[in-house]
Amino acid sequence: MKSIYKVPDGKLIKIFLDYDQSTKIIESITIAGDFFAYPEESIQQLEKVLQGKKLDESLLEQMIKEFVVTNNVEFIGISPRSITDAIMRCSND
Amino acid sequence: MTEEWRLLQTGHLSAAENMAIDRAILVAHSKGKVPPTVRFYGWNPAAISIGYFQQLTEEVDLTACEKEHVEYVRRITGGGAVFHEDEVTYSFVIKENHPHISKNILESYKTICQAIMNGLDRFGVKTAYAPINDILVNNKKISGNAQTRKQKTVLQHGTILTDVDVDKMFRLLKVPNEKIKGKLIATVKERVTSLTHELQKDFSFDDVSNSLKTGFEETFDISLVHGTLSAEEQKLAESFEKTTFGSKEWNHQR
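Residues numbered from 1 in each chain as written. Chains lettered and ligands numbered in written order. Predicted model: local features only at pLDDT ≥ 70, side-chain atom pairs only at ≥ 80, totals over all residues. Heavy atoms only, no water.

Student: Help me understand the overall build of chain A, please; the structure alone is not making it clear to me.
Tutor: When helices and strands are tallied, chain A shows three helices and five strands. Along chain A, helices and strands appear, N-terminal first, in the series β-β-β-β-α-α-β-α. Over its C-alpha atoms chain A spans a radius of gyration of 12 Å, differing by no more than 12% from the 12 Å that the globule rule assigns to 93 residues. Across its three principal directions, the C-alpha atoms of chain A cover 35 × 25 × 20 Å. Sorting the 93 residues of chain A into buried and exposed places 49% on the buried side. With the model as given, the accessible surface of chain A reaches about 4,400 Å², and the carbon-plus-sulfur share is 49%. Considering chain A, the positive charge centre built from 11 side chains and the negative charge centre built from 15 side chains are found 3 Å apart. (Helix = DSSP H or I, 4+ residues; strand = E, 2+ residues; numbered from the N terminus. Rg over C-alpha atoms; globule rule 2.2 N^0.38 Å. Buried < 20%, exposed > 50% of the residue type's maximum accessible area, 1.4 Å probe, protein only. Areas by Shrake-Rupley, 256 points an atom, 1.4 Å probe, with all protein chains shown as cover. Lys, Arg positive; Asp, Glu negative; His and termini not counted. Charge placed at Lys NZ, Arg CZ, Asp CG, Glu CD.)

See below:
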């Protein structure tokens, strides 16, 4: 599944997502786009963190928020909320 | 006494060489081996650079690139895809704790873009900063910029369009929706400009880089002294070119 989401007043997020249709477990995810994240490696780390997690809106947003705080990540043009929105657009329900 | 920073003029190089040199300067400066550095360069052949987080084949038509002899490279900085042809590209490397640079990333974008704007103002165009990373002339984009911070060092690079061929750009870049491609091209033509378009005359690389040099000197109250890459930087750049920016693993990593 793929989604393209233009963050209001922000950058573009492109999500490439594979998940198990019955369990809603994320099998693989790529968070791509023209945004900025510091340090850059944090996006790959976040993708790893999200792998194996359930495709659940509030759960995902909470996890991304915690990840940002724990790892001292700075986003420009995206946010935990907008990444979550972009991911949920890949879900077909 | 005015602080002296290094000025590099490295000419027009391949995409992989250009990105390798920027990274080499970052590494050398982070170790305190070279002064803060402003570099001006161009691209030969023309090239597309994509942002660190972009998916290559999603953004770039690789077949079209091959046909038109345009190279492509993934940057270490975030941001969007850029078609580099008729432009002056700069890079600026400085320690994060230098008194002239803000710890705050957004603030530092603004300060460095101000140096570019001060340089462009010398041509008599009216520039405006469009946060986070664009510079406008007459409400149209003339410059895009991207920053990374690694090893407590800031690297910001960006482009100043001297001329632009939007149709060629869209032969090389992919758009999310082919159906609205025509409309998108028309919009971009309205929203992007260049020095030649604004002032109806040709600009040489040196005209532009000389003005930008003065822009940096005024903004940071320093003087830029012509220099060359150190032997260590050259070695680093050769290595980065081979192992990173010239490699399929790096460019196709996502």
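Student: Help me understand the pairing of strand S8 (residues 134-137) of chain B, please; the structure alone is not making it clear to me.
Tutor: Residues and elements named next belong to chain B. Of the two faces of S8, the one lined by Asp134 and Leu136 and the one lined by Ile135 and Val137 are each fully buried. Here strand S7 (residues 127-130) folds back onto S8, and the loop between the two strands holds three residues. In the sheet, S8 pairs with strand S9 (residues 140-150) via four bridges, with the strands oriented antiparallel. Its bridge partner lying in S9, Ile135 is registered against Ser143. Connecting S8 to the next strand, S9, in antiparallel fashion are two residues, including Asn138 with a positive phi near 50°. (Pairing = 2+ DSSP bridges.)

Student: In this structure, what is going on with the layout of surface pockets? I would like to understand it.
Tutor: Rolled over the atoms, a probe sized like a water molecule indicates the empty space that remains. Taken as a whole, the second largest pocket encloses approximately 170 Å³ of empty space. Taken together, A:Tyr38, A:Pro39, A:Asn72, A:Val73, A:Glu74, B:Ile105 and B:Arg149 make up the full set of residues lining the second largest pocket. Class assignment for the residues of the lining of the second largest pocket results in four nonpolar, one polar and two charged. (1 Å grid on protein atoms, 1.4 Å probe; cavity = no way out; pocket = protein on both sides within 12 Å on 5 of 7 lines; lining within 4 Å. Points joined across faces, edges and corners; volume = space filled by probe spheres on them. Nonpolar A, V, L, I, M, F, W, Y, C, P; charged D, E, K, R; others polar.)

Student: Could you clarify how one ought to interpret the nonpolar core in this entry?
Tutor: The nonpolar side chains of a soluble globular protein tend to be buried with one another. Membership of the largest hydrophobic core comes to 53 residues, with the highest contact counts inside it found for A:Ile15, A:Leu17, A:Ile31, A:Leu50, A:Ile83, A:Ile87 and B:Phe245. What A:Ile15 contacts, discounting residues up to four positions off in sequence, is A:Met1, A:Lys2, A:Ser3, A:Ile29, A:Thr30, A:Ile31, A:Ala86, A:Ile87 and A:Cys90. Membership of the second largest hydrophobic core comes to 49 residues, among which are B:Phe40, B:Val70, B:Cys113 and B:Ile160. (Core = buried A, V, L, I, M, F, W, Y, C linked by side-chain atoms within 4.5 Å. Contact = heavy atoms within 4.5 Å.)

Student: Looking at this structure, how should I read the sheet that holds strand S3 (residues 47-50) of chain B?
Tutor: What holds strands together in a sheet is hydrogen bonding between their backbones, with the strands either parallel or antiparallel. Residue and element names in this part refer to chain B. In space, the three strands of this open sheet follow the order S4-S3-S5, with mixed pairing throughout. Every other strand in the sheet has two partners, leaving strand S4 (71-74) and strand S5 (82-84) as the edge strands with one partner each. Taking the axes of each pair of neighbouring strands and ignoring which way they run, one obtains an average angle of 25° across the sheet. Relative to S4, S3 runs parallel, the two being bridged by four bridges. Of the residues in S4, the one forming a bridge with Ile48 is Tyr72. (Axes fitted to C-alpha atoms, helices over the stretch in contact; angles between N-to-C directions.)

Student: I tried to follow helix H8 (residues 205-220) of chain B on my own but got confused; where do I start?
Tutor: Within an α-helix, residues lying three or four positions from one another point in the same direction, as the helix has 3.6 residues per turn. Residues and elements named next belong to chain B. The end-to-end C-alpha separation of H8 is 22 Å, in line with the 22 Å expected for 16 residues at 1.5 Å each. Three or more residues of H8 are buried, namely Phe205, Val208, Ser209, Ser211, Leu212, Lys213, Gly215, Phe216, Glu217 and Phe220. Two residues or fewer after H8 comes Asp221, characterised by a positive phi angle close to 55°. (Expected span 1.5 Å × (residues − 1).)

Student: I'm lost on the sheet that holds strand S1 (residues 2-6) of chain A in this one. Help?
Tutor: All names here are of chain A. Spatially, the three strands line up as an open sheet ordered S1-S2-S3, and their pairing is antiparallel. Every interior strand has two partners, whereas the edge strands, S1 and strand S3 (26-33), have only one. Averaged over all adjacent pairs, the angle separating strand axes in this sheet is 20°, with direction ignored. Both strand S2 (residues 12-19) and S3 contribute to a ladder of seven bridges, which runs antiparallel. Paired with Ile15 across the two strands is Ile31, which belongs to S3.

Student: Help me understand the interface of chain B and chain A, please; the structure alone is not making it clear to me.
Tutor: Interface size is often expressed as the accessible area that is lost when the parts come together. Contact with chain B, which involves 24 residues of that partner, is made by 21 residues of chain A. Its largest share of buried area at the contact with chain A, chain B owes to B:Phe53, B:Glu58 and B:Arg254, together 35% of the area lost on that side. Linking chain B with chain A are six salt bridges. Note that B:Glu58 is salt-bridged to A:Lys14, the shortest N-O span being 3.5 Å. If you look at where chain B meets chain A, you find 13 residue pairs in polar contact (both at pLDDT 80 or more). Sorting the residues of the side of chain B that touches chain A by element identifies helix H2 (56-59), helix H4 (105-121) and S9 of chain B as the ones contributing at least two each. (Buried area = accessible area lost by both parts, 1.4 Å probe. Salt bridge = Lys/Arg side-chain N within 4 Å of Asp/Glu carboxyl O. Polar contact = N/O pair within 3.5 Å; in protein donor to acceptor, adjacent residues only side chain to side chain.)

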